[in-house]
Amino acid sequence: MSTFATLRTLHTLIGDALGEIERVYGSEAEVGGPLLDYPSLDVPYYKTASHDAHEDAAEKLTSNPAVVNAANRIVAACGQLAASVHRPFFQLTEAVMADHIASCLTYLEASHTVEILRAAGPNGLHVRDIASAIDGMRAVPKADLEPTDPSKLSHILRLLATHHWLREVGPDIFANNRLSALVDTGKTMDQLRETPHKKYDDTDGIAALVAMKGDDFLKSVAHMTDHLLPERERSVISRKLLDGDHNGQRPAKYKTPFNLAFRTELGYFDWLELSENKSRLAEFGRAMTGARGWEVTENIIDAYPWKDLPRDSVVIDVGGGIGSTSVVLAKAYPHLRFVVEDRQPVVEIAPSVLGPAQAELIQSGRVSFKTHSFFDPQPPTIEVPGVGSISSPSVFVIRGCTHNWPDADVEKIFRHLRAAAAPTTELLIVDMILPLACVEDAEDEEQIPGAERSLVPEGSPLLANLGKASASGYMLDVSMLAMLNAKERTLREISGLARAAGWKVTSMKRAPGSVWAYTSAKAI
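Anyway, here's the lowdown on the structure attached to this text.

Cut-offs and rules
- Residues numbered from 1 in each chain as written.
- Predicted model: local features only at pLDDT ≥ 70, side-chain atom pairs only at ≥ 80, totals over all residues.
- Heavy atoms only, no water.
- Patch = residues over 30% accessible without salt bridge, like charges linked within 9 Å, V, L, I, M, F, W, Y side chains within 5 Å.
- Areas by Shrake-Rupley, 256 points an atom, 1.4 Å probe, with all protein chains shown as cover.
- Salt bridge = Lys/Arg side-chain N within 4 Å of Asp/Glu carboxyl O.
- Helix = DSSP H or I, 4+ residues; strand = E, 2+ residues; numbered from the N terminus.
- Axes fitted to C-alpha atoms, helices over the stretch in contact; angles between N-to-C directions.
- Left-handed = near helix turned anticlockwise from the far one by under 90°.
- Contact = heavy atoms within 4.5 Å.
- Nonpolar A, V, L, I, M, F, W, Y, C, P; charged D, E, K, R; others polar.
- 1 Å grid on protein atoms, 1.4 Å probe; cavity = no way out; pocket = protein on both sides within 12 Å on 5 of 7 lines; lining within 4 Å.
- Points joined across faces, edges and corners; volume = space filled by probe spheres on them.
- Buried < 20%, exposed > 50% of the residue type's maximum accessible area, 1.4 Å probe, protein only.
- Pairing = 2+ DSSP bridges.

1. Regarding a nonpolar patch on the surface
Logical step 1: A cluster of nonpolar side chains, Leu92, Val96 and Met97, forms an exposed patch at the surface whose accessible area comes to about 290 Å².
Logical step 2: Within the fold, Val96 resides in helix α4 (residues 88-96).

2. A look at the packing of helix α16 (residues 278-290) against helix α19 (residues 344-354)
Logical step 1: Between α16 and α19, the least distance of the axes is 11 Å, while the angle of their chain directions is 65°. The way α16 lies across α19 gives a crossing that is right-handed. From α16, Leu281, Ala282 and Arg286 reach across to α19, where they touch Pro345, Ile349, Ser352 and Val353.
Logical step 2: Among the residues making up the contact of α16 with α19, the classes are represented as 5 nonpolar, 1 polar and 1 charged.

3. Here's the deal with the layout of surface pockets
Logical step 1: By volume, the second largest pocket is sized at about 830 Å³.
Logical step 2: In terms of lining, the second largest pocket is formed by 36 residues, of which the most central are Lys278, Ser279, Arg280, Ala282 and Glu283.
Logical step 3: Put simply, the parts of the chain that give the lining of the second largest pocket at least two residues each are α5 (99-110), α11 (206-221), α15 (268-272), α16 and α19.
Logical step 4: In terms of residue count, α16 provides more of the lining of the second largest pocket than any other element does, 8 residues in total.
Logical step 5: For the lining of the second largest pocket, the residue count by class is 16 nonpolar, 7 polar and 13 charged.

4. Examining the pattern of salt bridges
When the charged atoms of two side chains with opposite charge come close together, those side chains can pair.
Logical step 1: Under the defined criterion, the tally for this structure stands at 26 salt bridges.
Logical step 2: Across the salt bridge formed by Arg167 and Asp42, the nearest N and O atoms sit 3.7 Å from each other. Linking Arg167 in strand β2 (residues 167-170) with Asp42 in the loop between α1 (3-27) and α2 (53-61), this pair joins segments that are 125 residues apart in sequence.
Logical step 3: Put simply, Lys199 and Glu109 hold a salt bridge, and the shortest N to O gap is 2.8 Å. With Lys199 in the loop between α10 (189-194) and α11 and Glu109 in helix α5, this pair connects stretches of sequence that are 90 residues apart.
Logical step 4: We classify Glu109 as buried; its relative accessible area is 3%.

5. Looking at the sheet that holds strand β10 (residues 426-432)
Logical step 1: Pairing is mixed across the open sheet formed by 7 strands, whose spatial order is β6-β5-β4-β9-β10-β12-β11. The open sheet has two edge strands, β6 (367-371) and β11 (503-510), and neither has a second partner. Pairwise comparison of adjacent strand axes, ignoring direction, gives a mean angle of 25° for this sheet.
Logical step 2: Looking at chain direction, β10 and strand β12 (residues 516-523) are connected through 7 bridges and run antiparallel. Residue Val430 lies in a different strand from β12, and its bridge partner there is Tyr518.
Logical step 3: On top of the sheet, helix α18 (residues 324-332) reaches β4 (314-318), β5 (337-342), β6 and β9 (395-399); it is set at about 180° to β5, its chief contact.
Logical step 4: Of the strands in this sheet, β10, β11 and β12 are in contact with helix α23 (residues 491-500), which crosses β11 at around 150°.

6. A short note on unusual backbone geometry
Logical step 1: Non-glycine residue Leu466 carries a positive phi angle of around 65°.
Logical step 2: As for its placement among the helices and strands, Leu466 is situated in the loop between β10 and α22 (471-484).
Logical step 3: One non-glycine residue, Asn485, lies in positive phi territory at about 55°.
Logical step 4: In this fold, Asn485 is placed in the loop between α22 and α23.
Logical step 5: In this structure Asn485 comes out as partly exposed when scored by relative accessible area, which is 47%.

7. Regarding empty space enclosed by the protein
Logical step 1: What the rule picks out here adds up to 4 cavities of 30 Å³ or more.
Logical step 2: In this structure, the largest cavity occupies an estimated 760 Å³ of space.
Logical step 3: Along its surface, the largest cavity is lined by 41 residues, and Phe284, Met288, Gly319, Gly400 and Asn404 are the ones closest to its centre.
Logical step 4: Secondary-structure elements contributing two or more residues to the lining of the largest cavity are α11, α15, α16, α18, α19 and α22.
Logical step 5: It is α16 that provides the largest number of residues to the lining of the largest cavity, a total of 5 residues.
Logical step 6: Among the residues forming the lining of the largest cavity, the class breakdown is 23 nonpolar, 12 polar and 6 charged.
Logical step 7: Mapped by element, the contributors of at least two residues to the lining of the second largest cavity are β10 and β12.

8. A short note on the environment of Leu463
Logical step 1: By secondary structure assignment, the location of Leu463 is in the loop between β10 and α22.
Logical step 2: Along the sequence, Leu463 and Glu30 sit 433 residues apart, while their C-alpha atoms lie 38 Å from each other.
Logical step 3: Here Leu463 is in contact with Gln80, Ala437 and Val456, once residues within four sequence places are set aside.

9. Quick notes on the sheet that holds strand β3 (residues 173-175)
Logical step 1: Read across the sheet, 3 strands follow the order β1-β3-β2 without closing on themselves; strand pairing throughout is antiparallel. One side of each edge strand has no neighbouring strand; the edge strands of this open sheet are β1 (125-126) and β2.
Logical step 2: Of the pairings in the sheet, the one linking β1 to β3 comprises 2 bridges and is antiparallel in character. Paired with Leu125 across the two strands is Phe174, which belongs to β3.

Printed below as a string of structure tokens:
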């Protein structure tokens, strides 16, 4: 196929997918009523605000599986089309400076600019007034801080507007749009001024996710090359400049780019539990709630036959953090009991972080918490409120954990769970399963129900993993490398680890339009 033919095929794919989205929206319109329009990029959709029925219906349809799949094809085709025709030099410079966007988004969140612009309304606010509002919450005069420079602020916000994260509605006048509104916490200016440490309380965690990614993760990834190529002259000089004279002490051993970035020999999770990082640890819990954006909540509800489990069956949420997954499932399946296991500092803060909205689930015992490290063997018995003592659960669910650890550690976790499993116990691994960027050659592999060789039809010019539409999963993969010496895995990789620990993967269910997957395994 010629290049022009490929480009025209990509163009056609975009048009066809757009037509599918229009058909879905058209079919959902009330008889005789106005057609539902796709949400506008220019119009903020604040999650904590009230909307009319048409706005809510239009927003909800963006998660419709048919719409998600069509949108993914549009994003993949547009990304491949742009990569094909954009001058390589400009693609290169934009790629190597992509951290600029992340840094500006981090500043946008940390400065409460999204909340300031929400209060300003659709007409936006001049940078002088935005800077004044930022300083009003920073208490600049009292703390003897340098005031926010409106000129510098305008350049930060204009880069974001250029990448569609804001709107410049007039010279130096900026307003929120649909993308920036995602970061809004719904907090008022008074709340942010008086109790800034409560910014992420009772929110969906998206703002906390931005804060964590733009600090811990961004700084760590920036040190990846220095860590992987320590003999490089730039790496050697940088380390000498940053570490200084060791005064006869041994040089620190940094196992990950994170260790190098933050000059600590502690693992990330141990580092989070330092007393100095108390607020960081709480924000991490909030951020993990925000990370559910990678996985539509309804998917975990339908990813496993939970309804078929007998009443008072016990599900152990391994490394479950503050219990976000268990709370979602407990609300959907009130006949089940969920035990969330995690380390003591996490378990201690879980009820307060979840807040009063989830108090009934905890008080009733339908969701309970146990201090336990998944690197230790499971206890011989577990006391479950309302059930009593059990030796094995019906299901171990481990969500968003395996990508945090190297292969040897994941196999160890799986072995401990296998040792505590009954013959009927199942293991549900909830994490990304990354497809290859080419068609999977699996002719010599045992076929796993639900597994696919490619995310696109045979003969499609699109990358087999949908390219840009799936890119965030591969970015997270590298984040795990930088933070934890870990990774997101392919199906072959996770299946091999499970089998080595005594589990056989029996099925995989891909979340609609996502690289997130639900991988079930049985004891062998």
